[in-house]
Structure formats: structure tokens, C-alpha cells
Amino acid sequence: EVQLVESGGGLVQAGGSLRLSCAGSGFSFDDSAIGWFRQAPGKDLEGVSCISMIDDSTYYLEFAKDRFTISTDNAKSTVYLQMNSLKPEDTAVYSCKVLLPPQEMCGSHWFRWSESGYWGQGTQVTVSS
């Protein structure tokens, strides 16, 4: 069974940093693409960033550009999201999922996803002011 486990969340002050991890199992990690998402209380789920292990493409939502960096450690089947210069508005539950083509994909100019499929349990990120 496809499983994803997020970790690395916590409480930080504005301007601080966190590195989130998404560890995958039950699928061919090297042939996959994974997206990071977040949802604040009362807000819609939104994409943050994605990475394709097939062609190394990455995509960032505008709010994540220049502050967040997505990367992968294929040996550990893990995708990371390094978050710097955190702001209170970054407070949310962060989760990851496998992107299933062709309906879902990750490219340099394209991050297409849906709410269906396999998700991790999420990790809480809280940024205080």
C-alpha cells in the first residue's frame, strides 16, 4: 500500500526555518512525482511545491518562491521542503501526496493536482509573530 509520512513541523518564530520531510513507501519512488500542500484552519487546501524524480523538474507557488526549497533523497525515498524566512501566514498543516499522471503532474511550469489519492497524515507548522 502506498504510504507517505510527513515530519519536521513545529513551532517557530517569524523569520525562522523548518525542514519538512515526506517519506514514501509502497511505490516506485524514483519514477514518481510528489507535491507538498498546506491547509490553514478555515482555508482551502493549496499547493506549495512539487518535484519530479523522473526529470528533476520543480515548481513553486508564488508565495514559496525564494523562501522554500524542495529536494529529494532518493536513497531514503524522501522529499524535503526547506522553509526559510517563515511568516505567520505560513501557519498550516503541511502534507504530501504522490502525483498520478496524466491527471496530475509536476513540471517547471505546471503543477496539476487533485484532492483524491494517497496523502500523508500531515505535520503542523506554526509560526508565531
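I will try to describe carefully the structure that is included in this document.

A separate point is the overall build of the protein chain. Scanning the protein chain from N- to C-terminus turns up 0 helices and 12 strands. Counting from the amino terminus, helix and strand elements in the protein chain follow one another as β-β-β-β-β-β-β-β-β-β-β-β. In terms of overall size, the protein chain behaves like a compact globule, its C-alpha atoms giving a radius of gyration of 14 Å where 129 residues would be expected to give roughly 14 Å. Dimensions of the protein chain, computed from C-alpha atoms along their principal axes, come out at roughly 40 × 30 × 30 Å. Counting across all 129 residues of the protein chain, residues that qualify as buried make up 42%. Partitioning the contacts of the protein chain with sequence separation of at least 6, the portion at a separation of at least 24 is 59%. With the model as given, the accessible surface of the protein chain reaches about 6,800 Å², and the carbon-plus-sulfur share is 48%. Looking at charge distribution, the protein chain has the averaged site of its 9 positive side-chain charges lying 6 Å from that of its 15 negative ones.

Here the focus is the side chain of S52. With respect to the helices and strands, S52 occurs in strand β5 (residues 46–52). The buried category is assigned to S52, whose relative accessible area is 5%. A distance of 3.2 Å separates the side chain of S52 from the side chain of D55, its partner in a polar contact. The residues touching S52, leaving out its near neighbours within four places in the chain, are S32, A33, S57 and C106.

What follows covers the pairing of strand β8 (residues 78–83). Counting buried residues in β8 gives 5 out of 6 residues, a clear majority hidden from the surface. When strand β3 (residues 18–25) meets β8, the two strands line up antiparallel, connected through 6 bridges. Note that in β8 the partner of L20 across the bridge is L81. Here strand β7 (residues 68–73) runs beside β8; their pairing, made up of 6 bridges, is antiparallel. Within β8, the residue paired with D73 across the bridge is T78.

Cut-offs and rules
Residues numbered from 1 in each chain as written. Predicted model: local features only at pLDDT ≥ 70, side-chain atom pairs only at ≥ 80, totals over all residues. Heavy atoms only, no water. Helix = DSSP H or I, 4+ residues; strand = E, 2+ residues; numbered from the N terminus. Rg over C-alpha atoms; globule rule 2.2 N^0.38 Å. Buried < 20%, exposed > 50% of the residue type's maximum accessible area, 1.4 Å probe, protein only. Contact = heavy atoms within 4.5 Å. Areas by Shrake-Rupley, 256 points an atom, 1.4 Å probe, with all protein chains shown as cover. Lys, Arg positive; Asp, Glu negative; His and termini not counted. Charge placed at Lys NZ, Arg CZ, Asp CG, Glu CD. Polar contact = N/O pair within 3.5 Å; in protein donor to acceptor, adjacent residues only side chain to side chain. Pairing = 2+ DSSP bridges.

Remember that the coordinates give geometry; whether it matters functionally is a separate question.
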